Amino acid sequence: MAGTTHTLQLDRGTVDVTVDVQGQEGRTFLLLHGGGGPQTVTPFAGFLAGQRPARVLTPLHPGFGGTVRPEWLTDVPTLAQVYADLLEELDLRDVAVVGNSIGGWIAAELAALGSERISCVTLVNAVGVRVPGHPIADTFSLTPPELARLSFHDPSKSRFDPNALSAEQRAVMEANRAALRVYSGPHDMADPTLTARLAKIDRPTLVVWGASDQVVDSDYGRAYARAVPGAEFRLLEGTGHLPQTETPEQLLPVVWDFAESHTADRTRN
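Residues numbered from 1 in each chain as written. Predicted model: local features only at pLDDT ≥ 70, side-chain atom pairs only at ≥ 80, totals over all residues. Heavy atoms only, no water.

### Looking at helix 7 (residues 218–227)
Across the 10 residues of helix 7, seven count as buried, placing the element largely inside the fold. Ser-218, Tyr-220, Gly-221, Ala-223, Tyr-224, Ala-225 and Ala-227 are the residues of helix 7 that are buried. Residues of helix 7 that are buried sit in contact with helix 3 (102–112), strand 6 (118–124), helix 6 (194–198), strand 7 (205–210) and strand 8 (232–236). You can read the cap of helix 7 off the contacts: a side-chain oxygen lies 3.2 Å from the backbone nitrogen of Asp-219, and it is on Asp-217. (Buried < 20%, exposed > 50% of the residue type's maximum accessible area, 1.4 Å probe, protein only. Helix = DSSP H or I, 4+ residues; strand = E, 2+ residues; numbered from the N terminus. Contact = heavy atoms within 4.5 Å. Polar contact = N/O pair within 3.5 Å; in protein donor to acceptor, adjacent residues only side chain to side chain.)

As structure tokens, this is what we get:
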């Protein structure tokens, strides 16, 4: 993914974050990808910027896409702090944050930090919390076809063909999986302490869920929404874990309308 690299200085050290930008003006979105990498959100970023007056930033989580992950960057809360610093570095305001899967977890942690630069948050089939009776599928143990069957309402819409990958692309994919393992932590894509932090979120929050998701089911999504004060829940029929990939035309108005109804000047005291 082409983009601009920004060097950020945190208390723990320096980190480079590569950010792609689509659209030149309009409402600012920060779009955070899941474990499948930036290709799971980049087309949606272009679709959003093409259909609405939007400027969409899609950063690469360090360690993905051939980028470097510093040794000290080992968990989602710290990665969320990286993005809080990125918003400061770029002097962005009234930012609508959207995250899918582990990107949704990052978005939730970012919202919990309380940045005034964020106007609202949309969590799309997010992971991160523990919900008794509703486990997160162990995606690391699945083959691509098995993962597609769990992730898509219509698995034929998954166009990933591992046999078509070059050696370089395979290496990047393996590096992505290694970074994902680090960020997901020791609790199978969930942090037992996250629910307490979700209770601190004071930004308007929308939890969006593909009804056919078998990676994390819709009752898990409803529990996620209940953990965030005042959060709304929206179920999308006929789509799975990756609505931005499978049914972008269904997700776009949901994301846009929520962002438009929650500008910064309406949410701040």
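### Details of the environment of Ser-151
Note on placement: Ser-151 falls in helix 4 (residues 144–151). For the pair formed by Ser-151 and Pro-243, sequence separation is 92 residues and the distance between their alpha carbons is 9.5 Å. Apart from residues lying up to four places away in sequence, Ser-151 is in contact with Val-215, Gly-240, His-241, Leu-242 and Glu-246. Side-chain polar atoms of Ser-151 contact the backbone oxygen of Leu-147, separated by 2.8 Å.

### With respect to the nonpolar core
The biggest cluster of nonpolar side chains holds 59 residues, and the ones touching the most others in it are Leu-198, Tyr-220 and Tyr-224. Setting aside anything within four residues of it in sequence, one finds Leu-198 in contact with Ala-108, Val-129, Tyr-224, Ala-227, Val-228 and Pro-229. The next biggest cluster of nonpolar side chains, apart from the first, holds 23 residues, and it includes Phe-44, Leu-48, Leu-251 and Leu-252. (Core = buried A, V, L, I, M, F, W, Y, C linked by side-chain atoms within 4.5 Å.)

### A word on unusual backbone geometry
The phi angle at Asp-94 is positive, at roughly 55°, despite the residue not being glycine. If you trace the backbone, Asp-94 turns up in the loop between helix 2 (76–89) and strand 5 (95–100). For Asp-94, a relative accessible area of 22% puts it in the partly exposed group. Phi at Met-189 takes a positive value of approximately 65°, unusual for a residue other than glycine. With respect to the secondary-structure elements, Met-189 resides in the loop between helix 5 (167–184) and helix 6. Exposure remark for Met-189: the relative accessible area of 11% places this residue in the buried category.

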